[in-house]
Amino acid sequence: MSEESQEQKRERLLRVIEILKREYPDAKCTLDFRTSHELLVAAILAAQCTDERVNQVTPGLFARYPSVEAFAKADISELEEMIKPTGFFRNKAKAIIESAQVILDHYGGKVPDTIEELTKIPGVGRKTANLIVGVAYGKPAVIVDTHVRRVAARLGFTKEKDPAKIEEDLWNLLPPEEATQFNHLIVAHGRMICKAPNPVCRACVIAEFCPEGRNRLGERLGV
Ligand code: SF4
């Protein structure tokens, strides 16, 4: 596996995607949203929090603040109270209000659709920017979250630790049309099977294409 060429790695990645698509045919973004701005707010809330908990908070939140303008003018104490269950609520409330103000002042109230513009917005890092581009706007995006970091490394698709470099490694391997869905498939697999800290390699449908799985299963079998 150490002498694997970039082309062989691409082919292996395509096999992995093909198998994961069969395994998780409904894999998609698990944050609930109706607009690009709702997705942005949900993504800010999802930092250090589960999507499930965010989805419990956002229906009430989006009813109380139904537009970018409403978030931009929100009373911070009231907003903090509403998002408290998601943790880090002070920073998140500040980011939600400031980002809405920037979107209003600099982008005419419309969430931009490029990584360059999105990453200038308060509270929006590369992960969220790619999420918006890929999921809200349907353009190719490589979303590097905690599951992608862990599973892509185990699969030998990156040796990097820095998310921007992982993103670059994956861009070099992924066909653009598969890039966004790759994240959803890996998240589904990371939650179900390739868990941190202990992956369930025995039950893994892509084990034969995974260097880490081969090592772990080989050790278990004593081969
Ligand atoms: S074989 Fe193991 S380490 Fe590799 S992807 Fe599957 S669960 Fe993860």
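Residues numbered from 1 in each chain as written. Predicted model: local features only at pLDDT ≥ 70, side-chain atom pairs only at ≥ 80, totals over all residues. Heavy atoms only, no water.

### Quick word on the layout of surface pockets
Empty space left among the atoms is revealed by rolling a probe the size of a water molecule over them. Counted as a void, the largest pocket has a volume near 990 Å³. In this structure, the largest pocket is lined by 41 residues; those nearest its centre are Ala-46, Asp-51, Lys-127, Asp-145 and Thr-146. Of all the elements in the fold, those that place two or more residues in the lining of the largest pocket are helix 2 (36-45), helix 6 (89-107), helix 8 (126-136), helix 9 (146-154), helix 10 (163-171) and helix 11 (176-192). Looking at the lining of the largest pocket, the element that brings in the most residues is helix 11, giving six residues. Grouping the amino acids of the lining of the largest pocket by side-chain chemistry returns 19 nonpolar, 12 polar and 10 charged. Domain assignment of the residues forming the lining of the largest pocket places at least three in each of domain 1 (6-28 + 143-221) and domain 2 (36-136). (1 Å grid on protein atoms, 1.4 Å probe; cavity = no way out; pocket = protein on both sides within 12 Å on 5 of 7 lines; lining within 4 Å. Points joined across faces, edges and corners; volume = space filled by probe spheres on them. Helix = DSSP H or I, 4+ residues; strand = E, 2+ residues; numbered from the N terminus. Nonpolar A, V, L, I, M, F, W, Y, C, P; charged D, E, K, R; others polar. Domains from an automatic or database assignment.)

### Concerning empty space enclosed by the protein
In the structure shown here, the tally under the stated rule is one cavity of 30 Å³ or more. The computed volume of the largest cavity comes to approximately 100 Å³. Contributing elements (two or more residues each) for the lining of the largest cavity: helix 9 and helix 12 (211-221).

### Focus: the domain arrangement of the protein
It is common to give the size of an interface as the accessible area lost on bringing the parts into contact. Under the domain assignment, the protein is made up of domain 1 (6-28 + 143-221) and domain 2 (36-136). Taken over C-alpha atoms, the centre of domain 1 sits 28 Å from the centre of domain 2. Of the residues lining the interface, eight residues belong to domain 1; the matching set on domain 2 comes to seven residues. Counting each side, the surface lost to burial between domain 1 and domain 2 is near 610 Å², with a carbon and sulfur contribution of 58%. Counting across the domain 1 and domain 2 interface gives two salt bridges. For Glu-167, the salt bridge is made with Arg-126, and the minimal N-O distance between the two is 2.7 Å. Between domain 1 and domain 2 we count three residue pairs in polar contact (both at pLDDT 80 or more) in total. (Contact = heavy atoms within 4.5 Å. Buried area = accessible area lost by both parts, 1.4 Å probe. Salt bridge = Lys/Arg side-chain N within 4 Å of Asp/Glu carboxyl O. Polar contact = N/O pair within 3.5 Å; in protein donor to acceptor, adjacent residues only side chain to side chain.)

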